[in-house]
Amino acid sequence: MANAISRRNFLRGGLAAAAGVAASGVVLPQAVKAAGGQELCTVLDLSKCIGCEACVDSCRETWQDTVPDPVSPMPKPFPARVPTQDWSKRKDVSDRLTPYNFLYVEHLDFEHKGQAVELHVPRRCMHCVNPPCTNLCPFGAGRVEKNGIVNIDPDVCLGGAKCKQACPWHIPQRQSGVGVYLDIMPSYAGNGVMFKCHRCLPLVREGKQPQCVQVCPEQVQSIGLRPQMLSQAEAMARQKAAADGADPNKWRDYVYGLEENGGTNTLYVSPVPFSVVSAAIDQAHASAAPGGGKGKGAAGKQGGKRRKAGFAGRPPMRPVANSMESAENLTTALVLAPLAGLAAGFTRLFGKKPPSEQPPQEQPSSEQGGQS
Amino acid sequence: MSAMSYSPGGRVAHWFYGIAVGFALFSGFGQMPIFKRYYLADIPGLGWTANYYATSDIHYLAAALLLGMLAWRLALDTRTTGAAWSWGPRTWWGWTLLGLLMISGAAKVLRNAGVFLPPPLIMVLDFTHLGSAMAFMFTGLAALVKPKPKPNLRGLVS
Ligand code: HEM
Ligand code: SF4
Ligand code: SF4
Ligand code: SF4
């Protein structure tokens, strides 16, 4: 596709490829150290996942306690229809994304080419290459690290949930009653803090692998520099396509994350095409009980109309266009506009007549005024 | 000012500037999650104001218009004399704010296009942009409500 390589991929691909020669296929921790700030990418081989949820458990054990408990009572938002979200009393929920649960496993049973297929799909933030959640954050709370890890600074986030709306998978989850908004105007602005997978940033900074990668008994995930992980995903997907009786050149159908949202630093490789996986997920969600088994998920009482309960906190796996595409295109307009302005000015376009050569009525009354 | 002065682009330029600044302010503040919370998006026909991608596109277009006009003004000033611009900041303070908005805005645009900028720098840029936008708005409103001692606003603000 035309957009297979986003600008950032492109800009950094060359550098990373150069560094990659030196790093030559080593995995973490060496790769991270050798990389010195190249983008990290994970590949998940879904054929290997047995759905044991060891990854989920270790993520929860490691990070759940870093998410604070809300103040009590929680500030009442104004206007009253603004929903608050409180997961603090339901930290046990692990079958969807919540502020206290950054990773869950989607368990699927479906039929493909007349065969019963069982597939388990670990889901968390995709770590998009050019992430809209972060780009559109007005306060700089969303961060992209040099190693490509997308994370939200809990000391800065006000919990307006703009990132969740901007994210095509609605990944970030809000916990109300925590964070810096409590110190400003808690009823009128802000609503908590958004939480999501940060790819174990504190561990990666020490040169360690993310927890979910480390603990998996089946080595479902591998992590490394993006260019190498792209080739690894392609090689794997070609095999899957062939095994599925498809043309190996159709390998892209067996990868999720190559082009989604402009490309993500998470690449899923599946034994069946992702159109099939996506349909199975949609169907599972349509018939599923809400995450956590009961109620509306988040304890929002006046949540207004919400998405169907089975979908909440459970991202789909449909094709996703690049959210930043329009902004990337308009950047051209922003570069051209001042150039056009300069050209017009230097050629005295729209500004030609010196006043002495003009009939007086030509410039009615416009001498001074206007806005600051 | 003097009898010799003229206003390049006349009223049209004046209105374009107003439109650019107005839309930049509106779409800029729309970047914060307030239009939905405070019912603006509930007004029939204004539902789109809660769509961040829509307001972002508008912000880009308004910024392009603004940058184009300022570049035109800069270039024309080097080629002609006696231009009395009927639009734009009238004080060094106003120009400073507009300059800060353009620099921080341009850097944010680069970031959005996928260029890596260190997170602490982005936070500085965001707060510079937001702070100068607010200051610019209040300065501009003050100037509109209480015009400078120049009496001739005839036909300009209407
Ligand atoms: C009168 C001039 C302007 C005003 C009042 C204004 C106001 C704002 C405000 C209030 C925000 C939201 C807070 C934030 O994200 O920091 C914002 C965001 C933004 N502004 Fe501006 N701005 C102006 C000019 C510009 C210019 C000239 C550019 C580009 C060269 C620009 C680019 C941006 C970008 C990229 C964002 C981030 C949101 C997005 O991606 O659309 N702005 N602006
Ligand atoms: S990714 Fe690994 S740890 Fe997680 S559920 Fe699958 S097999 Fe288990
Ligand atoms: S998946 Fe969503 S939350 Fe994660 S980086 Fe992409 S846009 Fe942001
Ligand atoms: S990378 Fe870390 S934070 Fe993200 S899901 Fe895995 S264990 Fe959780």
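Details of the structure are given in the entry above.
Just so you know, these numbers come straight off a predicted model, no measurement behind them. All residue numbers here refer to positions counted from 1 along the written sequence of the relevant chain. Think of it this way: whatever chain is written first is A, whatever ligand is written first is 1, and the rest follow in order. Local features in this predicted model are restricted to residues whose pLDDT is 70 or higher, and side-chain atom pairs enter the listing and the counts only when it is 80 or higher, whereas totals over whole chains, interfaces and linings include all residues. No hydrogens and no water enter the side-chain calculation; it runs on all heavy atoms of the structure.

Chemist: How would you sum up the packing of aromatic side chains? Please name residues and give values.
Modeler: What describes a pair of aromatic rings is the distance from one ring centre to the other and the angle between the planes of the rings. All names here are of chain B. Only Phe, Tyr and Trp rings take part, Trp by its six-membered ring, and two of them pair if their centres are within 6.5 Å. Stacked means planes under 30 degrees apart, edge-to-face means over 60, and tilted covers everything else. Under the counting rule described, the total for this entry stands at 9 aromatic pairs over all chains. In textbook terms, an aromatic cluster arises when at least three aromatic residues are bridged by ring pairs, as seen for Tyr-17, Trp-72, Trp-85 and Trp-87. Lysine and arginine charges are scored as sitting over a ring when NZ or CZ, respectively, is within 6 Å of the ring centre and within 35 degrees of the ring normal. Lying across the ring of Trp-87, Arg-73 places its NZ or CZ 5.0 Å from the centre.

Chemist: Can you lay out the sheet that holds strand E8 (residues 221–225) of chain A for me, pointing to particular residues and giving the numbers?
Modeler: Residue and element names in this part refer to chain A. What makes two strands pair is DSSP finding at least two bridges between them. Only runs of H or I of at least four residues qualify as helices and only runs of E of at least two qualify as strands under DSSP, and these elements are numbered from the N terminus. On the basis of which strands lie adjacent, the open sheet formed by 4 strands has the order E8-E1-E10-E9 and mixed pairing. On the outer flanks of this sheet lie E8 and strand E9 (255–256), each paired with one strand and no other. Taken together, the 5 bridges between strand E1 (residues 40–45) and E8 define a ladder with antiparallel strand orientation. For Thr-42, the partnering residue across the bridge sits in E8 and is Ile-223. Sheet strands touched by helix H8 (residues 226–243): E1, E8, E9 and strand E10 (266–269). Its angle to E8, the strand with the most contacts, is close to 140 degrees. By definition, residues are in contact when any of their heavy atoms lie within 4.5 Å. Only C-alpha atoms enter the line fits that serve as axes; for helices the fit covers just the stretch in contact. Angles between N-to-C directions range over 0 to 180 degrees.

Chemist: Residues and numbers for the coordination of the iron atom of ligand 1, please.
Modeler: Residue and element names in this part refer to chain B. Metal sites are built from N, O and S donor atoms within 2.8 Å, or 3.2 Å for Na, K and Ca, and they leave out water, so they may look incomplete. Those donors, His-59 (NE2) and His-129 (NE2), are the protein atoms that reach the iron atom of ligand 1, and they lie 2.0 Å from it. Between the 6 donor atoms coordinating the iron atom of ligand 1, the angles at the centre fall across 85 to 179 degrees, so the site counts as octahedral. Linking His-59 in helix H2 (residues 52–79) with His-129 in helix H4 (residues 119–145), this pair joins segments that are 70 residues apart in sequence. His-129 gets classed as buried once you look at its relative accessible area, which sits at 15%. Every geometry call rests on angle ranges, with four donors termed tetrahedral when all angles are between 85 and 135 degrees, four termed square planar and six termed octahedral when opposite donors are over 155 degrees apart and all others are between 65 and 115, and everything else termed irregular. Burial classes follow relative accessibility: with a 1.4 Å probe on protein chains only, a residue under 20% of its type's maximum area counts as buried, one over 50% as exposed, and anything between as partly exposed.

Chemist: Talk me through the environment of Leu-182 of chain A; I want residue IDs and the actual numbers.
Modeler: All names here are of chain A. Mapped onto the elements of the fold, Leu-182 is located in the loop between strand E6 (173–175) and strand E7 (193–195). Residues Leu-182 and Pro-319 lie 137 residues apart in sequence; the distance between their C-alpha atoms is 38 Å. For Leu-182, the contacting residues outside a window of four places in its chain are Val-71, Pro-75 and Gly-177.

Chemist: Could you give an account of the site of ligand 2, naming the residues involved and the relevant values?
Modeler: By nearness alone, 13 residues border ligand 2, and Cys-49, Cys-52, Glu-53, Cys-55 and Cys-216 of chain A come closest of all. Under the grouping applied here, Gly and all other residues not named as nonpolar or charged are polar, the nonpolar ones being Ala, Val, Leu, Ile, Met, Phe, Trp, Tyr, Cys and Pro and the charged ones Asp, Glu, Lys and Arg. Classifying every residue of the shell around ligand 2 by side-chain character gives 10 nonpolar, 1 polar and 2 charged. We call a residue near a molecule or strand whenever a single non-hydrogen atom of that residue lies within 4 Å of it.

Chemist: Give a description of H2 of chain B that names residues and reports values.
Modeler: For H2 of chain B, which comprises 28 residues, the first-to-last C-alpha distance of 40 Å matches the rise-based estimate of 40 Å (1.5 Å per residue) to within 8%. In protein, a polar contact requires one atom able to donate a hydrogen and another able to accept it; more generally it is a pair of N or O atoms within 3.5 Å, and residues adjacent in sequence count only if both atoms are side-chain atoms. Among the residues of H2 of chain B, the N-terminal cap falls to Asn-51 of chain B, whose side-chain oxygen and the backbone nitrogen of Tyr-53 of chain B are separated by 2.8 Å. Expected helix span is computed as 1.5 Å times (number of residues minus one).

Chemist: So what about a nonpolar patch on the surface? Which residues, and what values?
Modeler: Residues and elements named next belong to chain B. Nonpolar side chains collect at one region of the surface, where Val-12, Trp-15, Phe-16, Ile-19, Phe-23 and Leu-65 lie side by side and expose about 550 Å² of accessible area between them. The element contributing the most residues to the nonpolar patch is helix H1 (residues 10–29), with 5 residues. Inspection of the secondary structure puts Ile-19 in helix H1. Patches here: salt-bridge-free residues with over 30% relative accessible area, like charges joined within 9 Å, nonpolar side chains (Val, Leu, Ile, Met, Phe, Trp, Tyr) joined within 5 Å. Using the Shrake-Rupley algorithm and a 1.4 Å probe, accessible areas are obtained, with residue cover drawn only from the displayed protein chains. In what follows, salt bridge is the name for a side-chain nitrogen of Lys or Arg lying within 4 Å of a carboxyl oxygen of Asp or Glu.

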